[in-house]
Amino acid sequence: MVAALLSKDSERRFIMLNDTTVLITGASSGIGRACAHAFARAGARLVLAARRRERLEDLAAELDVPCHVVVLDVRNRDAVNTAIDGLPAEWSDIDILVNNAGLSRGLEPVHQGDPDDWEEMIDTNVKGLLWVTRAVLPGMVDRDVGHVVNIGSVSGHDVYPGGAVYCGTKFAVHALTTGLRIDLKGTRVRCTTVDPGMVESEFSLVRFHGDAERAGGVYDNFPPLTPDDVADAVVWSVSRPPHVNIGEIVLWPTDQKTVTISHPRGNT
Ligand code: NDP
Ligand code: 8X3
C-alpha cells in the first residue's frame, strides 16, 4: 500500500512494510525464498514468481500473509508482460520489486564453454531482469513511489577463472542499477543492488547441472552466507526512510576476502 511506503514519522527511522506489495522473482528457492519469509515477517503482501508452481504454492501456504503465485519464466518477454498486465487489481500496484531470479551455468574457460549455458545466463540474469523491470516500473513511476532491488553479486565487481560470462551478467546488473537510478531522477522511486559473496543455496547445483557432489564441495571450505543473511540486507535497504536510497550493499562471508581469495577453515 503506497500510504504505508510513504508514511513518515519523525520518531521512526524506518518505513513500515506492513501491507506493502512486494514482487519477488525466483521465490521458489534460496535467496528469493528467504526474502519471501523476511518480507512476510514484516507484514508485506507477496507476489511470488518463479517457474516451479508447486514450490511457490507450498511457500504461499507456509506464510502468514496474503500471497499471490505467478508461474513465470523471466526469459519470456511476452509471458512477463502478460503476467504483470494480468495481475488482479488488488495485486497490480507493486511497491517493491526484488529482481532475484538468476543462475550460473558451467565454470569452463571461454574457449571451452557451452554457448547454450551463456545464453541461459544472459537471458535470465540480464534480459529477464530487464523484462520484469520494464513491466513493473511504469506503475511505480506513475504513482511516484516504489523500490527496485536487484540481486547482483560480488561477481559484478571482480572476475574469477571460469566466471567470464556469469560475472559479465552481474557486471551488467551493476550498470543497470546505476542507470536505473539515473533514469529515475525526478521521481521518488528508489533502486538498490544487493551484492552477496558465496551463499549456500541451489546455486551451485544449478551451475553444475545437477551434480550434487561437485556442488556440495563448493561450501566445504568455510561458512558461506545464508539466504537469510541476504534477505536481511534486502529488507533493511527498502525500509530506510523515503529520502534515503541505499545504492549498493556488498556482503561477504567473513572467510571470503575476494572472489578468488578465501580462508579455508572448514564449514563449521
Ligand atoms: P537458487 O538456485 O537457490 O535460486 C534461483 C531462483 O531463480 C529459483 O527460485 C529459480 O526458480 C529462479 N529462476 C531461475 N531461472 C529462472 C527463470 N528463467 N524464470 C524465473 N525464475 C527463475 O540460487 P540463489 O538463491 O543463490 O540465487 C538467487 C540470485 O542470487 C541469483 O540472481 C544469483 O545470481 C544471485 N547470487 C547468488 C549467490 C550464491 O552464491 N548463491 C551469490 C551472489 C548472487 P525456478 O527454477 O523455480 O524458476
Ligand atoms: C555468485 C558468487 O562467486 O559463487 O554470484 O559465483 S560466486
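The structure we're discussing is the one just above.
Residues numbered from 1 in each chain as written. Chains lettered and ligands numbered in written order. Predicted model: local features only at pLDDT ≥ 70, side-chain atom pairs only at ≥ 80, totals over all residues. Heavy atoms only, no water.

1. Concerning the overall build of the chain
From N to C terminus, the chain includes nine helices and seven strands. Against the compact-globule benchmark of 18 Å for 268 residues, the chain has a radius of gyration of 18 Å, which places it among compact chains. Sequence separation of 24 or more characterises 68% of the internal contacts of the chain that already satisfy a separation of 6 or more. Carbon and sulfur atoms make up 51% of the accessible area of the chain, which totals about 12500 Å². Looking at charge distribution, the chain has the averaged site of its 26 positive side-chain charges lying 5 Å from that of its 36 negative ones. (Helix = DSSP H or I, 4+ residues; strand = E, 2+ residues; numbered from the N terminus. Rg over C-alpha atoms; globule rule 2.2 N^0.38 Å. Contact = heavy atoms within 4.5 Å. Areas by Shrake-Rupley, 256 points an atom, 1.4 Å probe, with all protein chains shown as cover. Lys, Arg positive; Asp, Glu negative; His and termini not counted. Charge placed at Lys NZ, Arg CZ, Asp CG, Glu CD.)

2. Quick word on the sheet that holds strand β7 (residues 248-251)
For sheets, the rule is that strands pair by backbone hydrogen bonds, running either parallel or antiparallel. Read from one edge of the open sheet, seven strands run β3-β2-β1-β4-β5-β6-β7, paired in parallel fashion. One side of each edge strand has no neighbouring strand; the edge strands of this open sheet are β3 (67-71) and β7. Strand-to-strand twist across the sheet, computed as the mean angle between neighbouring axes with direction ignored, equals 15°. Two elements, strand β5 (residues 146-151) and strand β6 (residues 189-196), share six bridges in a ladder whose sense is parallel. Note that in β6 the partner of Gly146 across the bridge is Val189. Running over the sheet, helix α3 (residues 53-62) touches β2 (45-50) and β3 and is turned about 175° from β3. Taken strand by strand, helix α5 (residues 115-143) contacts β1 (21-25), β4 (96-99), β5 and β6, and its axis lies near 170° from that of β4. (Pairing = 2+ DSSP bridges. Axes fitted to C-alpha atoms, helices over the stretch in contact; angles between N-to-C directions.)

3. What about the state of the cysteines?
Throughout the structure, instances matching the rule amount to zero disulfides. You can see Cys35 has no disulfide; the closest cysteine sulfur is in Cys67, sitting 14 Å from it. Cys191 takes part in no disulfide bond, and the closest cysteine sulfur, belonging to Cys35, lies 16 Å away. (Disulfide = S-S within 2.5 Å.)

4. Describing the site of ligand 1
Contacts to ligand 1 come from 29 residues, most closely from Ser29, Arg51, Arg52, Tyr166 and Ser201. Contacts to ligand 1 include Asp73, whose side-chain N or O atom sits 2.8 Å from a nitrogen atom. In this structure, an oxygen atom belonging to ligand 1 sits 3.0 Å away from a side-chain N or O atom of Lys170. At the level of secondary structure, the elements contributing two or more residues to the shell around ligand 1 comprise α2 (30-41) and α6 (164-183). Looking at side-chain class alone, the shell around ligand 1 contains twelve nonpolar, eleven polar and six charged residues. (Near = heavy atom within 4 Å. Polar contact = N/O pair within 3.5 Å; in protein donor to acceptor, adjacent residues only side chain to side chain. Nonpolar A, V, L, I, M, F, W, Y, C, P; charged D, E, K, R; others polar.)

5. Remarks on the side chain of Asp195
When you line up the elements, Asp195 lands in strand β6. Among buried charged residues, Asp195 stands out as having no salt bridge; its nearest opposite-charge side chain is Lys170, 7.5 Å away. Of note is the side chain of Asp195, whose polar atom sits 2.5 Å from the side chain of Thr193. (Buried < 20%, exposed > 50% of the residue type's maximum accessible area, 1.4 Å probe, protein only. Salt bridge = Lys/Arg side-chain N within 4 Å of Asp/Glu carboxyl O.)

6. So, the nonpolar core
The tendency in soluble globular proteins is for nonpolar side chains to be buried as a group. Membership of the largest hydrophobic core comes to 36 residues, with the highest contact counts inside it found for Ile24, Phe39 and Leu46. Breaking this core down by element, the ones donating at least two residues are β1, α2, β2, α3, β4, β5, α9 (227-238) and β7. The dominant element in this core, judged by the number of residues it contributes, is α2, at seven residues. Beyond its immediate stretch of four places on either side in the chain, Phe39 contacts Leu17, Val22, Ile24, Ala44, Leu46, Ile96, Val98, Val234, Val235 and Val238. Of all hydrophobic cores here, the second largest spans 24 residues; its members include Trp91, Ala135, Leu180 and Val189. (Core = buried A, V, L, I, M, F, W, Y, C linked by side-chain atoms within 4.5 Å.)

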